[in-house]
Amino acid sequence: MQFRGPGPAEPRRALPHGRTRTRSRGAAGAALLPSMLMFGVILASSGLLLMIERGILAQVGPPPLQPPAGLSRRDGRDSAAELELEVLRDTRNRTIRALCGQRSMPRSVWELPPLQRRTVLQHLLVSDRYRFLYCYVPKVACSNWKRILKVLEGFLESVDVRGKMDHKSDLVFLGDMRPEEISYRLKHYYKFLFVRNPMERLLSAYRNKFGEIKEYQQKYGVEIIRRYRKNGGSSAGDDVSFSEFLQYLLDEDVERMNEHWMPIYNLCQPCAVTYDFIGSYERLQDDANHVLGHIQAPSSVRFPQRQAWYKPVTAEKLHYYLCSTPRRLIKEILPKYILDFSLFAYPLPNITSQFCRQ
């Protein structure tokens, strides 16, 4: 493609805890949640967008490397990187608690509207043997985590087995279980997910799906070009520009997006599901090792190394695509992903003229 621009348990047993009761807010309040939440997010983010336009964010330095209250140095040997990680995790936890503590936010999956509940339950993968739930996020190393799950459950001999990943077989999805089974696992199992810089994730999805996957070119690419390009009727969908892709996302209903570009918040619902650990793509190997240690995976099971053929989205490549995209599009797309930026402590993109001239 030529881019046009830049712990064992008995599975499936009826459990004594029963269905979690929903709160007494009423279906009407739940139905209003998405629109009310988006309205609040847009209001809250308007100041951030203004800062982007005026270049103020480019002048903001990183927070001081001081351990938050309650966090202490271990024998005085913590490196600056370890302290920074503590600050990051504390920031994420505080932000999630602050947002999810609002009265309008869901406290369990049973308070979510049906479509939102179905989405998150179909993205929570279950290991009854090791008693954990993993919310998979496409374009955040989810294929490798699925390989690990299959190895842990005995369906694969090794994470290094070559071949195309089957994203459905030999995997157990929480959404396929009965309500009482769902509630039990949500309450008692270790729950984790992995996150990634939202714009980097979008660029990765764009380059992969429209640059390499014919199915996506035909299903989405042709339609995108038909909508946003004059005289584009003859395109095979393999030359979608990044700007056209972002324009398509602007016009899409977040709750009905393809999972590869749906916001992480909508996929995993961190207010309705209390995650025990949120790892990041930027610290993938270390955070994956932390999870494997916590679930007491066999020492022979390790997180796969990056394949030699894999071409990651570098900071320079992201810089190029963002600075080659109309600034209006970047500013307009941010409200749809603002929860991913704010909850998971990712900086908003710097698209000032001064930065883009570098």
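Throughout what follows, the structure given in this document is the object of discussion. (Residues numbered from 1 in each chain as written. Predicted model: local features only at pLDDT ≥ 70, side-chain atom pairs only at ≥ 80, totals over all residues. Heavy atoms only, no water.)

Concerning the overall build of the protein
Per the secondary structure count, the protein includes 13 helices and 4 strands. Carbon and sulfur atoms provide 51% of the accessible area of the protein, an area that totals close to 18700 Å². (Helix = DSSP H or I, 4+ residues; strand = E, 2+ residues; numbered from the N terminus. Areas by Shrake-Rupley, 256 points an atom, 1.4 Å probe, with all protein chains shown as cover.)

Describing the sheet that holds strand 3 (residues 190–195)
Ordered by their spatial adjacency, 4 strands build an open sheet running 1-2-3-4, and the pairing between neighbours is mixed. Two strands lie at the open edges of the sheet, namely strand 1 (124–127) and strand 4 (277–280), each paired on one side alone. If you compare each strand with its neighbour and ignore which way they point, the axes differ by 25 degrees on average. As judged from the 4 bridges shared by strand 1 and strand 2 (residues 132–135), these two strands associate in the antiparallel manner. Counted as the bridge partner of leucine 125 is tyrosine 134 from strand 2. On top of the sheet, helix 10 (residues 284–294) reaches strand 3 and strand 4; it is set at about 170 degrees to strand 3, its chief contact. (Pairing = 2+ DSSP bridges. Axes fitted to C-alpha atoms, helices over the stretch in contact; angles between N-to-C directions. Contact = heavy atoms within 4.5 Å.)

Remarks on the state of the cysteines
Here the structure, examined in full by the defined rule, presents 3 disulfides. Two residues share a disulfide in this structure: cysteine 135 and cysteine 268, whose sulfurs sit 2.0 Å from each other. Since a negative S-S torsion denotes a left-handed disulfide, the cysteine 135-cysteine 268 link at about -95 degrees is left-handed. With a gap of 133 residues between them, cysteine 135 in strand 2 and cysteine 268 in helix 9 (residues 264–268) connect regions that are remote in the sequence. The exposure class of cysteine 135 is buried, given its relative accessible area of 0%. (Disulfide = S-S within 2.5 Å. Buried < 20%, exposed > 50% of the residue type's maximum accessible area, 1.4 Å probe, protein only.)

Here's the deal with empty space enclosed by the protein
Considering only enclosed or pocket space, the largest cavity measures out at about 30 Å³ in volume. Take the lining of the largest cavity: its biggest share by element is 3 residues, from helix 3 (residues 114–121). (1 Å grid on protein atoms, 1.4 Å probe; cavity = no way out; pocket = protein on both sides within 12 Å on 5 of 7 lines; lining within 4 Å. Points joined across faces, edges and corners; volume = space filled by probe spheres on them.)

Description of the environment of phenylalanine 355
By the element assignment, phenylalanine 355 lies in helix 13 (residues 353–356). Phenylalanine 355 gets classed as partly exposed once you look at its relative accessible area, which sits at 26%. Residues contacting phenylalanine 355, with those up to four places away along its chain left out, are His319, Cys323 and Asn350.

A few points about the pattern of salt bridges
Inspection of every chain in the model, using the stated rule, returns 17 salt bridges. With its nearest N and O atoms 2.5 Å apart, the salt bridge here joins aspartate 90 to arginine 94. Pair noted here: aspartate 90 and arginine 94 are both in helix 2 (residues 80–100), with a separation of 4 residues, about one helical turn. Between arginine 302 and aspartate 160 there is a salt bridge; the shortest N-O distance is 2.3 Å. With arginine 302 in the loop between helix 10 and helix 11 (315–323) and aspartate 160 in the loop between helix 4 (142–152) and helix 5 (179–188), the pair connects residues that are 142 residues apart, well separated along the chain. (Salt bridge = Lys/Arg side-chain N within 4 Å of Asp/Glu carboxyl O.)

Observations concerning unusual backbone geometry
Positive phi, close to 70 degrees, is recorded for lysine 139, a residue that is not glycine. Following the sequence through the fold, lysine 139 ends up in the loop between strand 2 and helix 4. A positive phi angle is found at alanine 141, which is not glycine, with a value near 60 degrees. Along the polypeptide, alanine 141 turns up in the loop between strand 2 and helix 4.

So, the packing of helix 6 (residues 198–212) against helix 11
With their axes 11 Å apart at the nearest point, helix 6 and helix 11 run at an angle of 85 degrees to one another. Judged on the interaxial angle alone, helix 11 and helix 6 are roughly perpendicular. Contact residues: helix 6 offers Met199, Glu200, Leu203, Tyr206 and Arg207, while helix 11 offers Lys317, Leu318, Tyr321 and Leu322. Across the contact of helix 6 with helix 11, the residue classes break down as 6 nonpolar, no polar and 3 charged. (Parallel < 35°, antiparallel > 145°, perpendicular 65-115°, else oblique. Nonpolar A, V, L, I, M, F, W, Y, C, P; charged D, E, K, R; others polar.)

Examining the pairing of strand 3
The element strand 3 is extensively covered by neighbouring structure, given that 6 of its 6 residues are classed as buried. Judged by which residues are buried, strand 3 turns out to be covered on both faces: Tyr190, Phe192 and Phe194 on one side and Lys191, Leu193 and Val195 on the other are all buried. As paired elements, strand 2 and strand 3 share 4 bridges and run parallel to each other. Within strand 3, the position partnered with tyrosine 134 by the bridge is phenylalanine 192.

Side note on the environment of arginine 117
Within the secondary structure, arginine 117 is located in helix 3. Along the primary structure arginine 117 and cysteine 268 are separated by 151 residues, whereas in three dimensions their C-alpha atoms are 9.6 Å apart. Within the structure, arginine 117 has its side chain in polar contact with the backbone oxygen of leucine 112 (distance 2.8 Å). (Polar contact = N/O pair within 3.5 Å; in protein donor to acceptor, adjacent residues only side chain to side chain.)

Side note on the nonpolar core
Of all hydrophobic cores here, the largest spans 98 residues; its most connected members are Leu124, Trp145, Phe245, Leu249 and Trp261. Looking at this core element by element, the count peaks at 9 residues for helix 12 (residues 327–343). Residues in contact with tryptophan 261, not counting those within four places in the same chain, are Arg201, Leu202, Ala205, Lys209, Phe210, Tyr216, Tyr220, Phe245, Tyr248, Leu249 and Tyr337. (Core = buried A, V, L, I, M, F, W, Y, C linked by side-chain atoms within 4.5 Å.)

Keep in mind these values describe shape, not function.
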